[in-house]
Amino acid sequence: MYIAEHEWSAPRTAILPTDAEAGRNLSRSAGEGRIRALYRRLAEGDWDDAGRAEAAQFLREQLAAAGTPDALPESPQDLTAWMQANAQAVAANYSIYLEQRAGGAPRRYFGNRAHALHFLRSVAPTKLVDGAWLYGLLPHWRNGRFDDLVRTYVEELGEGAADKNHVLLYRKLLVRYGLDPLDDLSDELHVQGLVQLALACNAEDFLPEVIGFNLGYEQLPLHLLISAYELNELGLDPYYFTLHVTVDNCDSGHAMRACKAVLETLPRIGDASDYWRRIRAGARLADAGAGTGAVIAGFDIEAEVVRILANKSGAGRGAHSDYCQVAGRKVNDWLSQPQQVPAFLAALQQAGWIKLGAPVEQSRFWGLLQGERAEMFGVFSSYELQVIHDWIRGDAASDGQPFAEHEAPAGRSRRPTFRAQAKLAAARGQAAPVAAGDDAGMLDPDLQALCEQLPRLADERQMQLLVQAMSPAQHWTPAGLHATRLFWERVRS
Ligand SMILES: [Fe+2]
């Protein structure tokens, strides 16, 4: 599907520089779904000229909407000091957070387990293209001035190891907690991921912005530390987040290399001041779209329950017998239109099928969803069950209890963290096997094609094929991982 430039829609683009563009923006307000559509197209590797032009226009609009003030120093020579000051401020704020928690303060981010899972689902469009903004520099790997950036990209890809590839780790997280499908996530939640993909496929025209984006995005933020801490506390795997705490470090990690890359790529012959201005503009794109704070604050558990049930209503409206009635009305009738879900939920509460604020076992409705004789067993994903569970329990759900566990025995106020559970599983010999680094023997059509084609190609064409297989659409697949390992071996040799 081709999307005309004037049809772009993004909440951040409400402020545009000219009246004509402002008017155009108003006409876009009904265009929900278009950012998501282009995101998907680019994420799937469909980078035709029209798509790239649309992505470039999107970037220009995001740059215009981002405004001018930023926290960067006036001179790029001060970047290292700026980065270190930022890292110190984050460390100081994190230690305050830890002190507050040790003193009995509640979790700052996630009110319950469903809230944390909702966050993981909402930020998925960004995490599933992690590192993409640097991909456009990969074909230029011979330019030594890009060494730090190429290395950063390869590290985002885990250097080709399945258990270190950031995108693959996030994909596994989504499966593990039943967080997909992601089809109905809003345009706003796709803005940041689309910025990254748009930079990936337009690096030649937006080189300073790519370098600036990398600078802004790779600084260690406080929210990463707190998210990791609270996910672990809730028994959820924090590895994707803790991994970034270590790779983004300001000593030798991505944050330091992002600063070095700016200094290494500043023009010696061209206009360095204009280049620096564009780098700063690119850095502001790191804040495009819904940020961590907004996503967390935007969680409305009742609205999420309604969304979940409305999505099921299509399949459920013919699945109940005429004997299934609530408030004198057949369940099939209630489910005939998704917009009736709030009234249906109210009727279920009035009829006593759902008892809000009480243990879930007291709600007959819950007994239909979960348990040994649940008639609707398997209808809802584990994430959806957790949302319904926490909604029914209300304030009590702040204990972070998973839906499948029985109520904690009296006197046991804390449940084990994710790390404690992992240690216990390892001690019992139940730990998941570490993914093998070499998956060359894995059955996969692209991996087979790659292995067949490579020996027949000259060196230069081989590198081109490897770069192609390392695109955001493919690098997490067996062929992409294999290509990453070969590419990195050759670049370093
Ligand atoms: Fe990453």
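None of the values given here were measured: they were computed from a predicted structure.

1. Re the overall build of the protein
- Each helix and strand in the protein was counted, giving 24 helices and two strands.
- Considering only intrachain contacts with a sequence separation of at least 6, the fraction spanning at least 24 residues in the protein is 72%.
- Split by element, the accessible area of the protein, about 22,800 Å² in all, is 53% carbon and sulfur.

2. Let's talk about the packing of aromatic side chains
- Taken as a whole, this structure holds 15 aromatic pairs when the rule is applied.
- Consider the rings of Y170 and Y240, whose centres lie 4.9 Å apart with planes at 75°: the pair is edge-to-face. Taken together, the residues span a long stretch of sequence, with Y170 in helix α8 (residues 166–176) and Y240 in helix α12 (residues 239–247) at a distance of 70 residues. Take Y170 and Y240: they sit in the same class, and that class is buried.
- A cation over a ring is seen here: R171 above W476, with NZ or CZ 3.5 Å from the ring centre.
- The aromatic ring of W334 is capped on one face by R329, whose charged end is 4.6 Å from the ring centroid.

3. Concerning the packing of helix α23 (residues 459–469) against helix α24 (residues 478–492)
- Contact pair α23 / α24: the axes reach a minimum separation of 8 Å and the direction vectors enclose 135°. Compared by their axis directions, α23 and α24 come out oblique. Viewed along their axes, α23 and α24 form a crossing whose handedness is left-handed. For the pair α23 and α24, the contacting residues are Q462, M463, L466, V467 and A469 in the first and A479, G480, A483, L486, F487, R490 and V491 in the second.
- Of the residues in the contact of α23 with α24, the class split is nine nonpolar, two polar and one charged.

4. With respect to the packing of helix α2 (residues 34–43) against helix α9 (residues 191–200)
- The N-to-C vectors of α2 and α9 enclose an angle of 40°; their axes lie 9 Å apart at closest approach. Viewed along their axes, α2 and α9 adopt a mutual orientation that is oblique. Judged by the twist between their axes, the crossing of α2 over α9 is left-handed. Across the interface between the two elements, I35, L38, Y39, L42 and A43 of α2 pack against V191, G193, L194, L197 and A198 of α9.

Cut-offs and rules
- Residues numbered from 1 in each chain as written.
- Predicted model: local features only at pLDDT ≥ 70, side-chain atom pairs only at ≥ 80, totals over all residues.
- Heavy atoms only, no water.
- Helix = DSSP H or I, 4+ residues; strand = E, 2+ residues; numbered from the N terminus.
- Contact = heavy atoms within 4.5 Å.
- Areas by Shrake-Rupley, 256 points an atom, 1.4 Å probe, with all protein chains shown as cover.
- Phe/Tyr/Trp six-rings, centres within 6.5 Å; stacked < 30°, edge-to-face > 60°.
- Buried < 20%, exposed > 50% of the residue type's maximum accessible area, 1.4 Å probe, protein only.
- Lys NZ or Arg CZ within 6 Å of the ring centre and 35° of its normal.
- Axes fitted to C-alpha atoms, helices over the stretch in contact; angles between N-to-C directions.
- Parallel < 35°, antiparallel > 145°, perpendicular 65-115°, else oblique.
- Left-handed = near helix turned anticlockwise from the far one by under 90°.
- Nonpolar A, V, L, I, M, F, W, Y, C, P; charged D, E, K, R; others polar.

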